[in-house]
Structure formats: C-alpha cells, structure tokens
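Structural overview for review
What follows is each chain in one-letter form.
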Amino acid sequence: MSFWMDQVLKELDSVRSSPDMEAVHDLRVAIRRCRSVAAAMEEIDPDPAWPAMRKTARKLFRVLGALRDAQVMREWVKKLGPETDPVRAHLQASFELKEPQLRDAALRAVAKFDAKSWKRLKRALRQRGRLVPAGSLAAECLALERFEDAKELHAKALRTEKPKPWHALRIGLKRFRYNVESLLPEHYALWGDNLKRVQDLLGEIHDLDVLLDIVKKADVVETEDSLSLWVETIGRERQQCIRTYRQLTLGKTSLWNTWRAGLPTNGRVEAAAEARLRATARAIDPHASRTSQVSRIAVALYDGLKRANAGAAFREVPLGRILLAAARLHGTGAANAEKSMQKAARKFILGLPLPPGWSNEEWELLATVVRYHRGAEPTKKKGFFAKLSAEQQNRVRALSGVLRLALALRKCGVDSGAGLRAEKSAETIVLRVRGLTDDVETAARLAAGKHLLEEYLGMPLILKPVVKPGKLVALPTPPTPQFFMASD
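Figured I'd write up the structure that's included with this text. What you see as residue numbers is a count from 1 along each chain, following the sequence as written. Only residues with pLDDT of 70 or above have their local features reported here, since the model is predicted, and side-chain atom pairs are shown and tallied only from 80 upward, although totals for entire chains, interfaces and linings are computed over all residues. For side-chain calculations, the full set of non-hydrogen atoms in the structure is used, while hydrogens and water are omitted.

**Some details on the overall build of the protein chain**
Heads up, the condition is: Only DSSP runs of H or I covering at least 4 residues are called helices, and only runs of E covering at least 2 are called strands; the numbering of each starts at the N terminus. The quantity called the radius of gyration is restricted to C-alpha atoms. Its globule counterpart is 2.2 Å times the number of residues to the power 0.38. It only takes one pair of heavy atoms within 4.5 Å for two residues to be counted as in contact. A 1.4 Å probe and the Shrake-Rupley method give the accessible areas. Residues count as covered only by the protein chains that appear here. None of His or the chain ends enter the tally, which takes Lys and Arg as positive and Asp and Glu as negative. In plain terms, the charge of a residue is placed at NZ if it is Lys, CZ if Arg, CG if Asp and CD if Glu.
When helices and strands are counted, the protein chain shows 17 helices and 3 strands. Since a compact globule built from 488 residues should have a radius of gyration of about 23 Å, the 32 Å found for the protein chain marks it as more spread out than a globular shape. Taken over the C-alpha atoms alone, the protein chain extends approximately 150 × 60 × 50 Å along its principal axes. By sequence separation, contacts in the protein chain at least 24 residues apart represent 75% of the contacts at least 6 residues apart. Roughly 25400 Å² of accessible area belongs to the protein chain as shown, and the carbon and sulfur atoms make up 52% of that amount. The average position of the 83 basic charges and that of the 58 acidic charges among the side chains of the protein chain differ by 5 Å.

**Some details on helix α17 (residues 440–457)**
To keep things clear, this is the line we draw: In this scheme, a helix's expected span is set at 1.5 Å multiplied by one less than its residue total. Bend at a residue means the angle formed by two fitted axes: the first through the 7 residues ending at that position, the second through the 7 residues beginning there. Relative accessibility decides the category of a residue: with a 1.4 Å probe and only protein chains considered, values under 20% of the type maximum give buried, values over 50% give exposed, and everything between is partly exposed. Counted as a polar contact is a pair of N or O atoms within 3.5 Å, where, for protein atoms, one must be capable of donating a hydrogen and the other of accepting one, and residues adjacent in sequence contribute only when both atoms are in side chains.
With 18 residues, α17 extends 24 Å between its outermost C-alpha atoms, agreeing within 8% with the 26 Å of an ideal straight helix rising 1.5 Å per residue. Of all the bends in α17, the greatest, near 45°, is centred on His451. Among all positions in α17, only Thr442, Leu446, Gly449, Lys450, Leu452, Leu453, Glu454, Tyr456 and Leu457 are buried. For α17, the secondary structure elements touched by its buried residues are α12 (288–307), α16 (390–411), β2 (429–433) and β3 (461–465). At the N-terminal end of α17, a side-chain oxygen is found 3.4 Å from the backbone nitrogen of Glu441, two or three residues along, and the residue is Asp439. Backbone geometry just downstream of α17 places Gly458 in the positive-phi region, at approximately 75°.

**Topic: unusual backbone geometry**
Of note, the phi angle at Asn266 is positive, near 50°, even though the residue is not glycine. Within the secondary structure, Asn266 is located in the loop between α10 (255–261) and α11 (267–284).

**Remarks on the packing of helix α14 (residues 341–351) against helix α15 (residues 360–371)**
For clarity, the cut-off: Note on definitions: angles span 0 to 180 degrees between N-to-C directions of axes, and those axes are lines fitted to C-alpha atoms, for helices only across the stretch in contact. Roughly parallel refers to an angle under 35 degrees, roughly antiparallel to one over 145, roughly perpendicular to one between 65 and 115, and oblique to any angle outside these ranges. Left-handed describes a crossing in which the near helix is turned anticlockwise from the far one by less than a right angle; the clockwise case is right-handed. Three categories are distinguished: nonpolar for Ala, Val, Leu, Ile, Met, Phe, Trp, Tyr, Cys and Pro, charged for Asp, Glu, Lys and Arg, and polar for the others, with Gly belonging to the last.
The contact between α14 and α15 brings their axes to 8 Å, and the two run at 165°. One way to sum up the angle between α14 and α15 is to call them roughly antiparallel. The two elements α14 and α15 cross, and the hand of that crossing is right-handed. Listed contacts from α15 to Gln342, Lys343, Ala345, Arg346, Ile349 and Leu350 of α14 are Trp363, Glu364, Leu366, Ala367, Thr368, Val370 and Arg371. Classifying every residue of the contact of α14 with α15 gives 7 nonpolar, 2 polar and 4 charged.

As structure tokens, then:
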C-alpha cells in the first residue's frame, strides 16, 4: 500500500510533464491499486482513513478515465480501419476535437490533487495495514472473497454476449488481481502473468464494446455500408477475444481452477474466516486483552457444558464457531459511545461482508448473540427476538447466556477457563471454576450473569470454586528416646 501510494505521487509528476497515453495509464493503475486494496481493508477495518483515501483520488481517477478512454479509442480506430475509410476519418476528427479539452481537464484535476492529505493518509494507513500482514490467513481470506465474487461474475458473463456482464467481470477480476498482488505476493509471483493476460483480454472486450457504441451513434454522412462493415469488424474482434478467454478459463486446465487451488480449501477456509474476524476485532475493539480473556472463559464454559450434555445447543457443531466469533466481536460496539454498545455491535456485524463458509442464518445468529451479551435480556414480547422461531430463540439464550456468564466470571477475577468442569445431575448443573472466590459480592454478580443461561438450561446452575488439595508436609521423625540403666 505504501509503495503504490508513493507511486501515485510519482506518476502525478509524469502526467504534469506529459499527459500522454502511457503516463495517464500508469497513474490510473497506481490509483486503482490503492483504491482496490482500500475497498478490501474497509471490510475488516472501519477506520475512516480508508474511505478518505478512496475519496481523495476519486475525482482525479474519473477525469483521467475520460482522457484515457479517448486515447484508447483513437488507437483502436487506427488499428481497425484503413486510412481512407470515411468512418475512421470521422471518428479521428471527433477524438482530436475532444482530446485537448479532456487533457486540460485532467491537468486541472492533477493540479488540484491534495498531495499533503495523501501523504497524511499514507502514514495513517501504513499502521492500519499491519492488521492484515501479507501472506497471512486473513490476507488469504480477503483474496478468497474477491475470487468468489469474480468467479460468480465469470459464470454470468459466459451465459450471455451482452456487454454489461463482461464489463462487470473485468472489474471483478481487477479487484482480485490487485488484492493478490498486494496481500499474497508469493501467489502473485506464480499467477501474475496469467492474471494480466486475462485482464487484458477483458479490457479489449470492454474497449470494443465502447467503440461499437460510439460507431452506432456516429453521425456519418456516408452510406450505411461503411458503418455495417465497422460493426462487423468490431464484432469479429470481440468474438476472437471471447474465444481466447474461454480457452484459458474453461475445462480441466482452467486458470480459475489454478487460482482456486492456491487459496484456502476445506478446513483452512474456516481458519481463514476466523483470522479475518480476529483482525476486525483488533481493528475496532479498544479492550483487546480483556476480550481475549472473555473469549477463553466462554469457550471453556461451552466445552464444559458440551461434555456434560447440558443441552441441545451444545451438541450443534456450528454453534461452537458462532460462540467463539461472538466472544471475539462482542466489544466492537464500544467505539460508538453515543449508542447502546450491544445494538451498535449488532449493526456493525450485520454490515460486514459474509465470511467464507458462513451462511446468512449463522451470521444473523452471531449478530443477535452479540446484541444480547449484556444489558436487558431478550423477551418474546417485542423486538426482532420475538420474530425468531423457538429453536432460534433457544440458541440465542444458550450462546448469549454463556457469554454473559463469561463476562461475569472475568469481573469476579477469573482470568481463564483452565480446569473448568461441569457436572450434571437430575436437578442441577455444577460448574467448578478455578480462581473463583466465595463471597457475597461474587455471588450477587454471578446470579445476574448466569440467569439467561439458567433460563435456557431449565435448571439451576451452581458455581463452585475448585479447591486445591493441600500439600502433605512430612514432619521430622522425633528422636528415639534413650534409656540409661542406673548403676548401683
């Protein structure tokens, strides 16, 4: 990110000196790389510096795009039509008339670009970028998300000849390519050439679609035969690009298969999603060490209740993952002090993109568990909780109840879940917790913290401290008494 933000400033100087086709292209590429990575990082880190960076470069990027399009169209016209062609002459004259105006607009935008703000943002984002180290599982998760988005666009484009799906695919592949380049440099070393080749093909398809639209709207006095010939020529070139793209991306040797094989699969998908959520928690949670303690206690509680067969919710495999994510993200609402912390956290979580391997239902459950991890307990009479099914309500009670109890235990001085054991009988569940003190204040705090979980379990939950067995100290052997015979 820092490299490409510096590159934007260097390319600005090049465009100021000479706004030719290559200089404009290089500046737009540098800006696009920065904006693509920023868009991905915004999904993990809500820091305002990311959208601020994209906004700072937005107007310049668009103005340069208009100039770049005119320059590219001029080259295509030269390539596709002979010098004596009347349509070519008309189009060239039109481009030559517009290009000076577009060049002046681009130079004005370059002169107005706020380089000082750009440098300040670079310093801020250098630190924020460390949340997702290059080559990390979180970086792989972001790349996988971009891959899945682009692959879906690939499938849509193949079903039609219309320009819009192919243009969308072009944008999706660019985002995937630039994220891999910045976040997974080792992968990019292997894939870079093929990614660029496919992107160039999609770029040519887009250029030809734009040119075809210009030709159809051209006000040429000559006969329709010339226009028809241009439409036919452009269509033939476009079909050749699409055929080449299909050859590279279909069948067993598809480049899409190669790229997918290098990204997380099976169990690593879940691990990558967890790493992404951890990065989000680090980005927004002001009390990371406290959250880490609560997470360890919550997981130990869940596992202990699962071993004791305390309830159906503890036997559902996905719920353990949801609890862990809820424990890590429960503090994300603390940054918004003006609103209810838990309501703000729920809204923030629902605004995040769905991580790989998660369903919409699981993500909604996660957000709802975080919503009720503290404060007023959920009620059947009002709110979105009342609209949930009985089964969904029980899951919320179970997981939010565990999280509430974990928070209470941490406040009572318990710093981990090590040694925690659950014992179930016909009438109660006993939790033995290491480090728990037995006093009135602790009892009152635990009574409030365990209430929602008891409501789900349908029986009392008794917490007892783990009593460490005393050490046996060997006493010294008393000296053997000595007896002396009295002499006569």
